[in-house]
Amino acid sequence: MRANALLLFSALLSACWHALKCEKNYTIKPRMVLPDNYVKVTLGVPAETRPPSQNREPVTIEFSIYVVDINSINVEDMDFRVDLFVRQRWVEPRLEMPEDIFEEGDDFVTLPANFFDNLWHPDPYILNAKVSEIATLTHKFSSVTLYRNKTIRYAARMHAIVACQMEFQLYPMDIQVCPMAIESFSYTNQKLRLVWGQDGVTVNPELKLLQYNVGQPLQLEESSGFMLEKEGNYSRLVAYFRFERQIGHHLIQTFAPSALVVMLSWFSFWLGLDAIPGRVTLLVTSMLTLVTMFTGLKSDIPPVAYVKALDLWMAGCMVFVFAALGEFVVVKVLDVHYTEHKAAQRSNNQALQNNTKNNNCSIARIFPLNLNRAKATERVSAERIQAKSAWDVEAGVRCRKLVAVQGTETDSSTQTEQPTWWSLPPLSWTDPESGEEKVLWREIDRVSRLVFPFFFLLFVLTYWPILLLKKG
C-alpha cells in the first residue's frame, strides 16, 4: 500500500510540475518580463517613457502591411475600404528575459493580447483614414510576440476606410493613385522614426476587383511632414495604391452600342424622301437612344466640373447623329424647292408657247421689209427672244417690252440683276457625259453615304490614340 501511495504521489507531483511549466510558457504575467522601474504612463514621473536609445536618437519602428482585401472603391465618396494585417517591430531594451518563458528550441514566445496594454508601444495612425479600427469577434484580433533579443512584434487585423482624391479626366480609362499615409500621433521625428520593414506592403495575390486592377509594384515612401495642427515634424510612411480601371465593361456597355447607333443613323441616306416617316423615326430614335445612354452613365461617377473622356465620345456620337438629322432637313427643303421649280418651269414653258403663237404675226412686223416672216421667226426662236416694243398696227396700242430668258417670259420693268455669291446652287443639272439629269438633294444623299463614315472613322482614329497616349 505504501508503495502504491508513493507512486501516486510521484505521478501527481509530476503532473503539477508539467502544468506549472506549461503555464509559464503560455500565460506570462507582465511582471515576469517588465522590471519594477518600467514606466508606461506619465503620472507623477518623467515624461520620457519610450525605450532608451544611443545618443538620444529616435526609436526606429519597422512597419509592414499585408493587404487581405479591398472591398470596394467608392467614386461617390472618393474612398476605398481595405482589410489588412498591420505589423510593427521595435526593440525594447528595458525588458527582462528569463529563460523559463521560452520553450526548448524557440527564440520567441507569443504573449497574450492583453499583455500589449502593459508595454510601451508606438501610436501610429492612418492620416487620411475616415474610419480605422481593429477587427473584433469575441476579442481583438491582435498578438504580441517577444524575441530573445528583446524585439517586440505586434500584429493586428484592421479595417479602414481611406480617403482618396480621385481624378476622372480620362474616365473610363482612368488610373487612380490613392496614397495611404501612416504617421505617429504623439512622437515627433526626433523621438520616433517610422521605416518600412523588409516586407513593406504585400497585396494578396488572389485579390480581384470588379472594375479595377491593382497595379504592382506599389510605391513606398518614407518622409517627414510638418503638421500645423500639432506644431511639429512627424515621421510618415506613404504607400501608393494604383487602381487601373478595366475598360472591357465600358467597351461592351458604352462604346460599342453608341457606335452602332451612329452607324444605324446612316441607313437614312439609303431611304428616299418617299419614306419620310421611317427616316424621321430612325434618326430621332437614334438621338434619343444616345441621350438616354448618356444620362444613365452619369450615375456611375459623381458630377465633376471638368470634361471627361467619355463625355467627348458621347458628344461626338450625338453630333454625328444630329448632323444626319440636319442633312435630312436640308435634303427635304431642297426637294420642296426642286418640286416647285419644276412646276413653275412647266407652267412658264406652256405660257411661253401660247405667247409665241399669239405674237408671231406682230413680231414679224417690227423687222425690216426685206426680211420675210420665216427668217424673222427663225431668228426669234434661235435667240430665245428679246422682243422690242413696237406699235402694233392692227391693235393700235403700244406693247410693253417682253424679255424671254431661258424659256421664261418676264416683265423688263421688274427684272433686276441678282448677286451670285450667295445664291443657291442649281437644284438640278444635266450630266454632260451621260446626259442624265442630276438632282441636288439626291447627290447630297449619295455623297453623305461616304462622307459620314469617313469622318466618323477619322474621329475614332483620333480619339483612341490621344486617350491611350494620355493614359500612358
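All figures in this text were calculated on a predicted structure; none of them were measured in a lab.

Draft legend 1. Main features of the overall build of the chain. Regarding its fold elements, the chain presents six helices and 17 strands. Among the 472 residues that make up the chain, the fraction classed as buried is 34%. Considering only residue pairs separated by 6 or more positions, the chain has 73% of its internal contacts joining residues 24 or more positions apart. Counting every atom, the chain has about 29,200 Å² of accessible surface; 59% of that belongs to carbon and sulfur.

Draft legend 2. Inspection of the pairing of strand β3 (residues 108-111) at higher detail. The alternating pattern of β3 places V109 and L111 on a buried face and F108 and T110 on a face that is not buried. As judged from the four bridges shared by β3 and strand β6 (residues 142-147), these two strands associate in the antiparallel manner. Bridge assignment links L111 to a residue of β6, and that residue is V144.

Draft legend 3. Highlighting a nonpolar patch on the surface. A contiguous nonpolar patch, built from V447, V451, F454, F455 and L458 and spanning about 440 Å² of accessible area, is present on the exposed surface. Mapping V447 onto the fold places it in helix α6 (residues 440-471). For V447, a relative accessible area of 40% corresponds to the partly exposed category.

Draft legend 4. Summary view of the state of the cysteines. In total, this model carries one disulfide according to the counting rule given. Between the sulfur atoms of C164 and its disulfide mate C178 the distance is 2.1 Å. Where C164 bonds to C178 through sulfur, the torsion about that S-S bond is close to -80°, and the disulfide is left-handed. Here C164 is found in the loop between β7 (151-163) and β8 (175-184), whereas its partner C178 is found in strand β8, with 14 residues between them in sequence.

Draft legend 5. Seen up close, helix α3 (residues 276-297). Its 22 residues give α3 an end-to-end C-alpha distance of 32 Å, which sits within 8% of 32 Å, the value for a rise of 1.5 Å per residue. Buried residues of α3: R279, L282, L283, S286, M287, L290, M293 and L297, and no others. The buried side chains of α3 occupy one side of the element, clustering within an arc of 130° when seen end-on. Projecting away from the buried face of α3 at angles above 90 degrees are the exposed residues P277, L288 and T292.

Draft legend 6. Layout of the packing of helix α2 (residues 248-265) against α6. One can describe the packing of α2 onto α6 by two numbers: an axis separation of 12 Å at closest approach and a directional angle of 155°. In this view, α2 runs roughly antiparallel relative to α6, as classed from their interaxial angle. When you trace α2 past α6, the crossing you get is right-handed. Listed contacts from α6 to L251, F255, A259 and V262 of α2 are F456, Y463 and W464. Considering only residue class, the contact of α2 with α6 consists of seven nonpolar, no polar and no charged.

Draft legend 7. Main features of the pattern of salt bridges. A complete count under the given rule lists 12 salt bridges for this structure. In this structure, the salt-bridge partner of D174 is R245, at a minimum N-O distance of 2.6 Å. Of this pair, D174 sits in the loop between β7 and β8 while R245 sits in strand β12 (residues 232-245); the two residues are 71 residues apart in sequence, bridging distant segments of the chain. With a relative accessible area of 1%, D174 lands in the buried category.

Draft legend 8. Representation of the packing of aromatic side chains. Evaluation of the coordinates by the stated rule reveals 24 aromatic pairs. Judged by centre distance (5.4 Å) and plane angle (65°), the ring pair of F80 and F243 falls under edge-to-face. With F80 in strand β2 (residues 79-91) and F243 in strand β12, this pair connects stretches of sequence that are 163 residues apart. With a relative accessible area of 0%, F80 lands in the buried category. On the accessibility criterion, F243 (0% relative accessible area) is buried. Geometrically, the ring pair formed by F108 and Y147 is tilted, given 5.9 Å between the ring centres and 45° between the ring planes.

Draft legend 9. Geometry of α6. Along its 32 residues, α6 runs 46 Å from first to last C-alpha, staying within 8% of the 46 Å computed at 1.5 Å per residue. The largest bend in α6 is about 35°, located at S448. Within the sequence span of α6, burial applies to L440, W441, E443, D445, S448, F452, F456, V460, Y463, W464 and L467.

Draft legend 10. Fine view of the environment of L111. Examined against the element boundaries, L111 turns out to sit in strand β3. Under the relative-accessibility criterion, L111 is labelled buried at 5%.

Procedures and definitions
Residues numbered from 1 in each chain as written. Predicted model: local features only at pLDDT ≥ 70, side-chain atom pairs only at ≥ 80, totals over all residues. Heavy atoms only, no water. Helix = DSSP H or I, 4+ residues; strand = E, 2+ residues; numbered from the N terminus. Buried < 20%, exposed > 50% of the residue type's maximum accessible area, 1.4 Å probe, protein only. Contact = heavy atoms within 4.5 Å. Areas by Shrake-Rupley, 256 points an atom, 1.4 Å probe, with all protein chains shown as cover. Pairing = 2+ DSSP bridges. Patch = residues over 30% accessible without salt bridge, like charges linked within 9 Å, V, L, I, M, F, W, Y side chains within 5 Å. Salt bridge = Lys/Arg side-chain N within 4 Å of Asp/Glu carboxyl O. Disulfide = S-S within 2.5 Å. Expected span 1.5 Å × (residues − 1). Arc of directions from axis to C-beta. Axes fitted to C-alpha atoms, helices over the stretch in contact; angles between N-to-C directions. Parallel < 35°, antiparallel > 145°, perpendicular 65-115°, else oblique. Left-handed = near helix turned anticlockwise from the far one by under 90°. Nonpolar A, V, L, I, M, F, W, Y, C, P; charged D, E, K, R; others polar. Phe/Tyr/Trp six-rings, centres within 6.5 Å; stacked < 30°, edge-to-face > 60°. Bend = angle between axes of the 7 residues up to and from the residue.

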